[in-house]
Amino acid sequence: MTAHPGASAPLPPARAASGAAKLVVPCLIGALVALTLGIYGRLHHPTGIAINIAGFSSPGSVKSWLATGAAVLALVQVGSALVMYGKVPRVTAPSWIGDLHKWSGRIAFLLTVPVAIHCLYALGFQHYSTRVLLHSLFGCAFFGAFTVKMLILPKQGLRGWVLPLVGAVVFALLIAIWLTSAYWFFSTFGIKR
Ligand code: HEM
């Protein structure tokens, strides 16, 4: 079983303080990313452009399936992280678990990019209902939180709970995005291609 480095032993106060300082810049950059997306989505006039893919009934359906793919891979992310951290009783982490975690994360993120580009460019940051406002907020926050996670990944000396916490926030935001978009889409128009 592979324990994540730094996941257990408490850090001395001086190292903990420098660990906290290491979080400030990534968090500021993440906030800037989220804010920039939100401001762009608000200021840019939505084009309403609709790009469909052959075999799908509508752009909304393509986006909902891509978002669902990302949400499923996000579940793989959580499962593989729990195994890596030794949190699943009686399961020994196989040697490929790290690769599974990395690749499910990379592909999940790649799936969200075209969807979010369409959302931002064609639809913009909207607030005509609570669901749509929450979706727009979660969408922007997701890219901010993802940026934070990527920036802190290579950092040494952080408290063991930092990375799991940021990972959990990224996961929760993706699931919240899915619930306020793809889930709504499928439950309104039916599950179809
Ligand atoms: C980046 C910030 C984002 C903004 C501002 C945004 C905004 C929007 C808006 C205004 C709608 C129309 C909602 C409606 O009338 O029902 C929408 C729909 C949708 N969004 Fe987003 N979104 C963002 C990110 C994302 C992300 C990251 C995903 C998926 C991973 C996503 C998936 C969807 C889906 C599946 C729909 C339903 C299909 C459609 O109506 O086009 N969005 N989004």
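See above for the structure.
Residues numbered from 1 in each chain as written. Predicted model: local features only at pLDDT ≥ 70, side-chain atom pairs only at ≥ 80, totals over all residues. Heavy atoms only, no water.

Undergrad: Before we go on, may I ask you to explain the packing of helix 5 (residues 162–180) against helix 6 (residues 182–189) in this structure?
TA: How two helices pack is summed up by the angle between their axes together with the distance between the axes. Relative to each other, helix 5 and helix 6 sit at 25 degrees, their axes nearing to 3 Å. Classified by the interaxial angle, the pair formed by helix 5 and helix 6 is roughly parallel. Taken together, the residues of helix 6 that come into contact with helix 5 (itself represented by Ile177, Trp178, Leu179 and Thr180) are Ala182, Tyr183 and Trp184. For the contact of helix 5 with helix 6, the class distribution of residues is six nonpolar, one polar and no charged. (Axes fitted to C-alpha atoms, helices over the stretch in contact; angles between N-to-C directions. Helix = DSSP H or I, 4+ residues; strand = E, 2+ residues; numbered from the N terminus. Parallel < 35°, antiparallel > 145°, perpendicular 65-115°, else oblique. Contact = heavy atoms within 4.5 Å. Nonpolar A, V, L, I, M, F, W, Y, C, P; charged D, E, K, R; others polar.)

Undergrad: I would appreciate a short explanation of the nonpolar core in the present structure.
TA: Nonpolar side chains in soluble globular proteins tend to end up buried together. Grouped together as the largest cluster of nonpolar side chains are 18 residues, with contacts concentrated most on Phe142, Ile152, Val162, Val166 and Val170. Going through the elements one at a time, helix 2 (59–84), helix 4 (130–152) and helix 5 are the ones with two or more residues in this core. Considering every element that reaches this core, the biggest residue donor is helix 5, with seven residues. When near neighbours in sequence (up to four residues on either side) are disregarded, Val162 contacts Leu23 and Ile152. (Core = buried A, V, L, I, M, F, W, Y, C linked by side-chain atoms within 4.5 Å. Buried < 20%, exposed > 50% of the residue type's maximum accessible area, 1.4 Å probe, protein only.)

Undergrad: Would you mind going over the site of the ligand with me for this structure?
TA: In the neighbourhood of the ligand, 25 residues make up the surrounding shell, with Lys63, Cys119, Tyr128, Arg131 and His135 lying closest. Contact distances for the ligand include 2.8 Å between an oxygen atom and a side-chain N or O atom of Lys63. A distance of 2.4 Å is found between an oxygen atom of the ligand and a side-chain nitrogen or oxygen belonging to Tyr128. Its atoms largely coinciding with the cavity grid, the ligand occupies the second largest pocket. Those elements that place two or more of their residues in the shell around the ligand are helix 2, helix 3 (97–123), helix 4 and helix 6. (Near = heavy atom within 4 Å. Polar contact = N/O pair within 3.5 Å; in protein donor to acceptor, adjacent residues only side chain to side chain. 1 Å grid on protein atoms, 1.4 Å probe; cavity = no way out; pocket = protein on both sides within 12 Å on 5 of 7 lines; lining within 4 Å. Sits in = over half its atoms within 2 Å of the grid points.)

Undergrad: Help me out: how do you make sense of the coordination of the iron atom of the ligand in this one?
TA: Expected angles at a metal are 109.5 degrees for tetrahedral coordination by four donors and either 90 or 180 degrees for octahedral coordination by six donors. Protein coordination at the iron atom of the ligand comes from Cys119 (SG) and His135 (NE2), with a distance range of 2.0 to 2.2 Å. Because the angles between the six donor atoms bound to the iron atom of the ligand fall within 88 to 178 degrees, the donor set is best described as octahedral. Note that Cys119 is positioned in helix 3 and His135 in helix 4, a separation of 16 residues in sequence. There is no split in this pair, since Cys119 and His135 are both buried. (Donors = N, O, S within 2.8 Å, 3.2 Å for Na, K, Ca; no water. Tetrahedral: all angles 85-135°; square planar, octahedral: opposite > 155°, others 65-115°.)

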